[in-house]
Amino acid sequence: MFRFASPDMFYLLLLLPAMAGIFMLSMRARRRRLEKFGQRDTLKGLIPDASPVRIRNKFILLLLAVVFSVIGLARPQFGSKLREKTAEGIEIIFAVDVSNSMLAQDFEPNRLERTKFAINRLLETIEEDRIGLVVFAGNAFMQLPLTNDYVAARNFVRQISTNMVSRQGTAIGAAIELATHSFSSQSEGSRVIILISDGENHEDDAMAAAAEAAARGIRIYAIGIGTPEGAPIYMNGDYLRDNEGQMVITKLNEAMLRDIALSTGGSYILATSRSVGINEIVEKINETEKSEFNVQVFDEYDEKYPWFIGTAMVLLLVNSLMLSRKNRILSRFNIFREKDVL
């Protein structure tokens, strides 16, 4: 397994555009100063050892040294030892609605982005539960199988969009059915589906799928995200309209979501502008009996940063040894095929 122990260090790469801009401005100022003394051909004779190419190459070496230094500071690591351990937790599968109605802006910036933010915040707090992710619109598919790799889970959550499912609609039943059959055999009695949707089911019998989940001992906790009065759907730079040119208003269907949750022994929560409701649900989930899982983890990592820091030091050494003007002895051979341009 490969990872960066300190990925925040990559923000230092933002220095590169600033360095490049300063270098370009300084080179332009240098040319303007030289032009005050005479024509280019005249200056060649006066300063034959001048070499803008060497100055440029020294700067490139400096940029490369910065890049390798930043990679080193981010601490690249390879997992060197894989072991199996026993963890006690709950298997949670998020079923997230990605239909176009989730682009409604009755939540800032919209329903879907607010949902993604709330899930990622939760993933920063849990420790031993296993997480899965189902996305659905007109049909459903498993985006992330059950895992305890929360870094990977957060990356998958960030990628959620309404473009993931080509067929539009809201097949809540299909999402519940897929999630129901995606739990491991180890988690019997500790299985939870967190359904996040506006409840506008247009495709299937969601209550039948919920009944099957309940028969398997799975609880569904539903979160209604949206408002009863509804909101327009903003997409592709305009508001979605029907065939008659009227603005489409998507409204929250609380009754559907509440019935689904209560039929499995779960509960329903209405999202608000202050809280989507995931944390409240997790507090209830923690009362569920936990199961033991066998999970494989990397508990030792080989640090690879010395290779990158060493490369950066070599580049800086070459940069310091390289003269910004031509070497009179080596210039006879023109090793770098430099052009006599000021």
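Structure: above.
Residues numbered from 1 in each chain as written. Predicted model: local features only at pLDDT ≥ 70, side-chain atom pairs only at ≥ 80, totals over all residues. Heavy atoms only, no water.

A.B. asks: Could you give an account of helix α9 (residues 278-285), with specific residues and numbers?
C.D. replies: Among the residues of α9, those classed as buried are Ile278, Ile281, Val282 and Ile285. One side of α9 holds all its buried residues, which, seen down the axis, span an arc of 100 degrees. On its buried side, α9 packs onto β3 (91-97), α4 (111-123), β6 (191-197), β7 (218-224) and β12 (268-270). (Buried < 20%, exposed > 50% of the residue type's maximum accessible area, 1.4 Å probe, protein only. Helix = DSSP H or I, 4+ residues; strand = E, 2+ residues; numbered from the N terminus. Arc of directions from axis to C-beta. Contact = heavy atoms within 4.5 Å.)

A.B. asks: If you had to explain the packing of α4 against α9 to someone new, which residues and values would you point to?
C.D. replies: Taken N-terminus to C-terminus, the directions of α4 and α9 make an angle of 40 degrees; their axes are 10 Å apart at the nearest point. For the element pair α4 / α9, the angle class is oblique. Contacts between α4 and α9 involve Ala118, Ile119 and Leu122 from the former and Ile278, Asn279 and Val282 from the latter. Here the residues of the contact of α4 with α9 sort into five nonpolar, one polar and no charged. (Axes fitted to C-alpha atoms, helices over the stretch in contact; angles between N-to-C directions. Parallel < 35°, antiparallel > 145°, perpendicular 65-115°, else oblique. Nonpolar A, V, L, I, M, F, W, Y, C, P; charged D, E, K, R; others polar.)

A.B. asks: Give me helix α5 (residues 150-158): which residues, what numbers.
C.D. replies: Restricting attention to buried positions, one finds in α5 the residues Tyr150, Ala153 and Val157. Within α5, the buried residues cover an arc of 50 degrees as seen down the axis, which keeps them to one side. Residues of α5 that are buried sit in contact with α4, β4 (130-136) and β5 (140-147). The opening residue of α5, the one whose side-chain oxygen lies 3.3 Å from the backbone nitrogen of Val151, is Asp149. (Polar contact = N/O pair within 3.5 Å; in protein donor to acceptor, adjacent residues only side chain to side chain.)

A.B. asks: Describe the sheet that holds β5, and please don't skip the residues or the numbers.
C.D. replies: Strand order in the open sheet formed by six strands is β5-β4-β3-β6-β7-β12, and the pairing between neighbours is mixed. The sheet terminates laterally at β5 and β12, the two strands that pair on one side only. Taking the axes of each pair of neighbouring strands and ignoring which way they run, one obtains an average angle of 15 degrees across the sheet. Two strands pair when backbone bridges link them, and β4 and β5 are joined in this way by five bridges, in the antiparallel orientation. (Pairing = 2+ DSSP bridges.)

A.B. asks: Run through the packing of α4 against α5, naming residues and quoting values.
C.D. replies: Relative orientation of the contacting elements α4 and α5 amounts to 175 degrees, with a least axis distance of 10 Å. Put simply, α4 runs roughly antiparallel to α5. On α5, the residues that touch Lys116, Ile119, Asn120 and Leu123 of α4 are Tyr150, Ala153, Arg154, Val157 and Arg158. Class assignment of the residues belonging to the contact of α4 with α5 gives a composition of five nonpolar, one polar and three charged.

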